[in-house]
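The lines below spell out each chain.
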Amino acid sequence: MPTAAFHQGHRAWTHGEVHAPAARAATVLAAHGTGPDDRMVLALPDGSPG
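Residues numbered from 1 in each chain as written. Predicted model: local features only at pLDDT ≥ 70, side-chain atom pairs only at ≥ 80, totals over all residues. Heavy atoms only, no water.

*Asks:* What's the story with the overall build of the protein in this structure? I'm lost.
*Replies:* The number of helices and strands found in the protein is 1 helix and 2 strands. Reading the protein from its N terminus to its C terminus gives the helix and strand order β-β-α. Compactness check: the protein gives a C-alpha radius of gyration of 13 Å against a globular reference of 10 Å for 50 residues, more than 25% above the reference. Taken along its principal axes, the extent of the C-alpha atoms in the protein is 35 × 25 × 15 Å. Across the 50 residues in the protein, those meeting the buried criterion constitute 4%. Accessible surface, the protein as shown: approximately 4400 Å² in total, 61% of it carbon and sulfur. (Helix = DSSP H or I, 4+ residues; strand = E, 2+ residues; numbered from the N terminus. Rg over C-alpha atoms; globule rule 2.2 N^0.38 Å. Buried < 20%, exposed > 50% of the residue type's maximum accessible area, 1.4 Å probe, protein only. Areas by Shrake-Rupley, 256 points an atom, 1.4 Å probe, with all protein chains shown as cover.)

Encoded structure:
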């Protein structure tokens, strides 16, 4: 069984489930010119899975 990256209420998120939307967001940000040394803020509603 995969290890949980974090827990949200009764839901456990695996590293893969966290990585997938993070990688998509990184791809979109890079396409808009952001790079590894740029600082970004991401605001999501409470309970958002990403």
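*Asks:* Would you mind showing me how to read the pattern of salt bridges here?
*Replies:* Applying the stated criterion to the full structure yields 1 salt bridge. One salt bridge in this structure joins E17 and R11, with 3.1 Å as the shortest N-O distance. On the basis of relative accessible area, E17 is assigned to the partly exposed category, the value being 32%. A residue is classified by how much of its surface remains accessible, and R11, at 34% relative accessible area, is partly exposed. (Salt bridge = Lys/Arg side-chain N within 4 Å of Asp/Glu carboxyl O.)

*Asks:* When you look at the pairing of strand β1 (residues 4-8) in this model, what are you seeing that I'm missing?
*Replies:* Consecutive residues of a regular strand have side chains that alternate between opposite faces of the sheet. By the bridge criterion, 4 bridges tie β1 to strand β2 (residues 11-14) in an arrangement that is antiparallel. Considered in β2, the bridge of F6 is made with W13. The hairpin turn running from β1 into β2, its antiparallel successor, is 2 residues long, and G9 in that turn takes a positive phi close to 60°. (Pairing = 2+ DSSP bridges.)

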